[in-house]
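Descriptive structure summary
If you want the building blocks of each chain, they are given just below.
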Amino acid sequence: MLLEIRERAQGWIAWAIIILISVPFALWGIQSYLGVGGEPVVAKVNGTEITERQFNRNVQRTRMQLRDRLGAAYDPELFGGQRMREQVLDGMIRDAVLLDASLSMGLRVSDQAVRAAILSEPAFQRDGAFSNEAYERVLRLQGLTPAGYEEQLRRRLLSTQLSRSVTATEFVTAKMVEDGIRLLRQERALAFVQLPYADFLPSEPPSDEEVQAFYDKNQSMFDTPEQVRVSYLLLDAEQLAASVDAVSEETLRATYNDRIDEFAEPEKRQIRHILLSLPMDGDADAVEAVKQRAADLRARIIAGEAFAAVAEEVSDDPASASAGGDLGLVARGIMDPAFEQAAFELPVGTLSEPVRSRFGYHLIEVTEIKAREVKPFAAVRDQLVKEATAGQSEAVFFDIAERLATLAYESPDSLIPAAETLDLPIQTSDWFDRDGGEGILANPKVTAAAFSEDVLTLGNNSELMEPDRDLMQAIVLRVDEHRPPSVEPLEEVREQVVELIQQQKAKHAALAAAEAMVQRLESGEDLSRVAGDFEPRTPGLVGRTAPGVPPAVLQLAFGMPRPADAQQGFASGEDDSGDGAALVVALSKVVDGDFAALDDPARDAEARVLADGLGRAAYARLVDDLQARAKIERSAMPVDTP
């Protein structure tokens, strides 16, 4: 039988079958095997995909920016939740919509504008000048290449163009400015009385029937969500660092010598230039004309004209022209190759011949050369120690993490074997629901694992998780106790129900008393008499943001109609801030903002503020409209950055 199969498998039919099987495998199977198939997509905007990789990179970049901005105040747990991830995705969708709209309108960003934005970015500067080292370091930390960053920057500038083109078109008339000043600078003379809710608490407790009725009507207030308590093993690289052996001086010096280029400040040159723009595809006549113009300018400078004055007069580089053509201290690797080659071959104080780059023709002068400097070993020793220690603790961390994952899998019904083998303490949590617990248990990935079917229903240990790789922590957990969702029984929440009923009654009584006061004031009684035991406050003439006056009082007062001459207006309201209080406000006078009292600069400033506000409002409406019109498809958001 087998011999017959073997003989038949030698024929052309067998080869035809093999070829038919190989074709789809070659086209699809090998692609899946190599992992180059379709990348997961988190959203589509007008057909443009936002991939999971792009999204995760943006989340990490956002965290890094927050860490740099907040410094020691940065709390990873505060910025690691799903809410922040949703905000990042919303921002990416909005940016994609704006980019699509900008391109469809024909907006574009020039290479010069991108270059100017890079040179002026504070994060890329050292001592007030552009630093190529800082530029590369920032991009490296963000996982970006210069080309990738420049493309992102170009897109961002493109969207900014749309914003400016909308906001800058808004204008205000003199009448609008006058009306704005009249309203925004308006002042009102008022007096008010606060009636704290606490002063109206009933002396008698509610009846059993009232308690039961309130509980039955508001059972959603006493819902208890599904909760768990877990045990877990936590591995922390920072704690492991204490057990790492000290690094020898010989090792540190060898590392220093191996990385000597990394600790060297490259040669930098203080460069100034004059640019005469010329498209790369310019015809021969245009090229010759611009080159001749550059030669003429060179002759003017050699004849004695100041380089800075000529640059300010004729240079087409907006970023440097106003500074006399000065580009600051520049290292290799950032400028156009042709420009850079010429600049780094020039002696100090020598004016170059016209140099052609992709931007046009340049006249270049080097005013200072800062030689390459190497930081001494002593200056970087602490850094080397820290890196070496971190490297060792990282190696120990990954070794123990691998063993922890294996032990937790081999004994899925207990954490004790892993804890004893690795000498890790078993920690326990308090009750927490699907919104997360405290510390590392607040991480969405950890919370999801605690409530997963494998852990919650089947009772197994979780897989090893690294919730935030920046923190170098790993965790394995198991559920100790589980509470299904329920409504707390009345017996357990009776005191809470009684307190809520009393507060509700107190609020109603305070508001009723305030309304009664208003009726008495409208009938002609005096405020001090009507207030009784509550002391009236008379701040007098106040603006919309007067300090010392409760915001709820100002909101109520500035929402009242203008009183008739020699009369007062009265209103009651509520202030639910703090412990809460009912309010009674008496309004006696309204004084409009005085347009005539302002000088022209003040009026112009008010006009700019008003126009800016209108422009931003118009742009916000445009963005909302573009998003409403766009075809946006969202996929399920990944729980955490892989």
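Since we're looking at a predicted model, the values are computed, not measured.

Helix and strand content of the protein chain: 23 helices and 20 strands. Looking at the 642 residues of the protein chain, the share that counts as buried comes to 38%. The long-range share in the protein chain, meaning contacts at least 24 apart out of those at least 6 apart in sequence, stands at 73%. Put simply, the protein chain shows about 37400 Å² of open surface, and 52% of that area lies on carbon and sulfur atoms.

With that out of the way, let us pick up the sheet that holds strand β7 (residues 227–236). The sheet built from 3 strands is open, its strands ordered β14-β7-β15 with antiparallel pairing. Both edges of this open sheet fall to β14 (427–428) and β15 (473–483), since each of them pairs with a single strand only. One ladder, built from 2 bridges, connects β7 with β14; its direction is antiparallel. Paired with Ser231 across the bridge in β14 is Thr428.

A positive phi angle, close to 50°, is found at Asn46, a residue other than glycine. On the secondary structure map, Asn46 appears in the loop between β1 (41–45) and β2 (48–51). Phi at Asp423 is positive, roughly 55°, even though this residue is not glycine.

What follows is about the pattern of salt bridges. Within the structure shown, the criterion is met by 27 salt bridges. One salt bridge in this structure joins Asp111 and Arg154, with 2.9 Å as the shortest N-O distance. Of the two residues, Asp111 is situated in helix α5 (residues 111–120) and Arg154 in helix α7 (residues 146–167); the sequence distance between them amounts to 43 residues. Using a relative accessible area of 30% as the deciding quantity, one classes Asp111 as partly exposed. Here Glu267 and Arg269 are joined by a salt bridge, their closest N and O atoms 2.7 Å apart. Beyond isolated ion pairs, a larger network of salt bridges with shared partners links Asp111, Arg154, Asp336 and Arg358.

All right, on to the sheet that holds β2 then. An order of β2-β1-β20 is seen for the 3 strands of this open sheet, with the pairing classed as antiparallel. The two strands at the open ends of the sheet, each matched to only one other strand, are β2 and β20 (632–634). Adjacent strand axes in the sheet meet at a mean angle of 15° when their direction is disregarded.

This part is about α7. For α7, built from 22 residues, the straight-helix expectation of 32 Å at 1.5 Å per residue is met to within 8% by its first-to-last C-alpha distance of 31 Å. Along α7, the residues that are buried comprise Tyr149, Leu153, Leu158, Ser159, Leu162 and Val166.

For any two helices packed against each other, one specifies the inter-axial angle together with the distance between the axes. Viewed as axis vectors pointing N to C, helix α8 (residues 174–184) and helix α23 (residues 600–629) meet at an angle of 95°, and their least axial separation amounts to 10 Å. One finds that α8 runs roughly perpendicular with respect to α23. On the side of α8, the interface is formed by Met176, Val177 and Ile181, while α23 contributes Arg603, Glu606, Ala607, Leu610 and Leu614. Within the contact of α8 with α23, the residues separate by chemical class into 6 nonpolar, no polar and 2 charged.

Cut-offs and rules
- Starting from 1, residues in each chain are numbered consecutively following that chain's sequence as written.
- With the structure being a predicted model, the display of local features is reserved for residues of pLDDT at least 70 and the display and counting of side-chain atom pairs for 80 or more, all residues being used for whole-chain, interface and lining totals.
- Calculation of side-chain values draws on the structure's entire complement of heavy atoms; hydrogens and water are dropped beforehand.
- Helical segments are the DSSP runs of H or I of at least four residues, strand segments are the runs of E of at least two, and each set is numbered from the N terminus.
- The buried label applies to any residue whose accessible area, calculated with a 1.4 Å probe on protein chains only, is under 20% of its type's maximum; exposed applies above 50%, and partly exposed to all values in between.
- Residue contacts are counted whenever heavy atoms from the two residues lie within 4.5 Å of one another.
- Method for areas: the Shrake-Rupley scheme with a 1.4 Å probe, in which residue coverage is limited to the protein chains shown.
- DSSP-based pairing: two strands are paired if at least 2 bridges between them are found.
- Between Lys or Arg on one side and Asp or Glu on the other, a salt bridge is scored when a side-chain nitrogen of the former is within 4 Å of a carboxyl oxygen of the latter.
- Angular values range over 0 to 180 degrees, each being the angle between N-to-C directions of two axes fitted as lines to C-alpha atoms, with helices fitted over their stretch in contact.
- Each helix should span, by expectation, one fewer than its residue count multiplied by 1.5 Å.
- Angle categories: roughly parallel below 35 degrees, roughly antiparallel above 145, roughly perpendicular from 65 to 115, and oblique for all the rest.
- When residues are grouped by polarity, Ala, Val, Leu, Ile, Met, Phe, Trp, Tyr, Cys and Pro land in nonpolar, Asp, Glu, Lys and Arg in charged, and all others, Gly among them, in polar.

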